[in-house]
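Examining the three-dimensional arrangement
Here is what each chain is made of, one letter per residue.
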Amino acid sequence: MINKLVDKIVKTNAPVVVGLDPMMKYIPEHVQKEAFEQYGETLEGAAEAIWQYNKAIIDNIYDIVPAVKPQIAMYEQFGIEGLKVFKKTVDYCHEKDMVVIGDVKRGDIGSTSEAYAVAHLGKVKVGSKLLTPFDEDFATVNPYLGSDGINPFIKVCNEEDKGIFILVKTSNPSSGEFQDQLIDGKPLYEHVGAKVNEWGRQCMGDTYSNVGAVVGATYPEMGKVLRKVMPKAYILVPGYGAQGGKAEDLTAFFNPDGLGAIVNSSRGIIAAYAKDEYAKFGAKNFGEASRQAALDMIADINGALGK
Ligand SMILES: O=C(O)c1cc(=O)[nH]c(=O)n1[C@@H]1O[C@H](COP(=O)(O)O)[C@@H](O)[C@H]1O
């Protein structure tokens, strides 16, 4: 799947992923109102609002952006109805030929990780049949449990041509509490990066591995080191925009081939209409505002990369 992702990034000339994190407070009033008129102020109503919001955004970006990253928590908070819309979103993005990174941050003991891997990337056995549950192309994975938690994902990735992004150095302010702890003179995130490099060899695409890494845009110095520690890993870089990451900080995450990283923005794109910069679109045209914000982000990053 990394081959498809790289191919789409090259074709669109956009090392960018749009995070589909549909928080209710960002869904325009008129979308919420229509959904509630139909389904009431219920979990179904919330799910319908999320669906209409996502669909308009996807329709406006699918031809300029290679990938989306739906964050499952934003759906899960609405229970089963939310999860149904998560799946509907994954399927709709596939119809539009977008790569889908399921931001599910899973990882557990081996047998449990196997079930997570099957749920999000693989097929589940039901009687004599093999059925496809969520069907994302990539999933984000937490490495805290070590190889036992990762190996089942690698197995499914190899069977199904899928991929994972392993948390290495996260973008949040307290990520250093554990991740920066020195072990044998090196921070923990470097040890994890070295393991990502090792795990990645078991799951190679043509140039890059199907085992990628997550490194926050908010820590560019660490990104520079990690880029060298795991040269074949694609780096998913969240933290641009709303969390303060700037385009000029992002060059450290790319390889000399101009590839190797894909930068995420969620709120910065999906809630663009609420920003002064894009206010001229108005809440009714939130999808068009998202398209413009995505175009601006692509130009900003390509500008910093000298492309
Ligand atoms: O795995 C992630 O995507 C992730 C890792 C990380 O270190 N930091 C981080 O912000 N994320 C996710 O990236 C998205 C960032 O959203 P915005 O800050 O709105 O662009 C959210 O879905 C986070 O859950």
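Cut-offs applied
- Residues numbered from 1 in each chain as written.
- Predicted model: local features only at pLDDT ≥ 70, side-chain atom pairs only at ≥ 80, totals over all residues.
- Heavy atoms only, no water.
- UniProt positions renumbered as here; feature names shortened; annotations may be inferred.
- Near = heavy atom within 4 Å.
- Polar contact = N/O pair within 3.5 Å; in protein donor to acceptor, adjacent residues only side chain to side chain.
- Areas by Shrake-Rupley, 256 points an atom, 1.4 Å probe, with all protein chains shown as cover.
- Helix = DSSP H or I, 4+ residues; strand = E, 2+ residues; numbered from the N terminus.
- Salt bridge = Lys/Arg side-chain N within 4 Å of Asp/Glu carboxyl O.
- Buried < 20%, exposed > 50% of the residue type's maximum accessible area, 1.4 Å probe, protein only.
- Pairing = 2+ DSSP bridges.
- Axes fitted to C-alpha atoms, helices over the stretch in contact; angles between N-to-C directions.

The protein appears in an unreviewed UniProt entry as Orotidine 5'-phosphate decarboxylase from [Lactobacillus] rogosae. According to its UniProt record, the protein has this under Catalytic activity (unreviewed entry): "orotidine 5'-phosphate + H(+) = UMP + CO2". Under the heading Pathway (unreviewed entry), UniProt records this for the protein: "Pyrimidine metabolism; UMP biosynthesis via de novo pathway; UMP from orotate: step 2/2."

A word on the site of the ligand. Within the structure, the ligand sits among 16 residues, and D21, K69, S171, Q243 and R267 are positioned closest to it. A distance of 3.0 Å separates an oxygen atom of the ligand from a polar atom in the side chain of K105. Within the side chain of S171, an N or O atom sits 2.7 Å from a nitrogen atom of the ligand. Here the ligand loses 89% of its free accessible area of 510 Å² to cover by the protein chains. Elements with a minimum of two residues in the shell around the ligand: strand 3 (99-106) and strand 12 (261-265).

Bringing the pattern of salt bridges into the picture now. Scanning all chains against the criterion turns up 17 salt bridges. Of the charged contacts in the structure, one is a salt bridge between D63 and R291, with a shortest N-O distance of 2.8 Å. Of this pair, D63 sits in the loop between helix 3 (43-61) and strand 2 (67-70) while R291 sits in helix 13 (residues 286-304), placing them 228 residues apart in sequence. Of the residues examined, R291 reaches a relative accessible area of 25% and is grouped as partly exposed. In this structure, K87 and D91 form a salt bridge, with 2.8 Å as the shortest nitrogen-oxygen distance. On the criterion of helical spacing, the pair formed by K87 and D91 is a turn pair, its members being four residues apart in helix 5 (residues 79-95). In the salt-bridge network here, residues are joined through shared partners; they are K4, K8 and D97.

So, about the sheet that holds strand 12. Reading around the barrel, the eight strands line up as 1-2-3-6-7-10-11-12 and close back on themselves, with parallel pairing between neighbours. Averaged over neighbouring strand pairs, the angle between their axes works out to 30 degrees when direction is ignored. As paired elements, strand 6 (residues 138-141) and strand 7 (residues 163-169) share four bridges and run parallel to each other. Directly across from T140, in strand 7, lies its bridge partner F165.

In this structure's numbering, the residues bearing the UniProt feature "domain: Orotidine 5'-phosphate decarboxylase" (unreviewed entry) are residues 15-281. Structurally, residues 15-281 is divided into 42% helix and 19% strand, and its ends, taken at the C-alpha atoms, are 25 Å apart.

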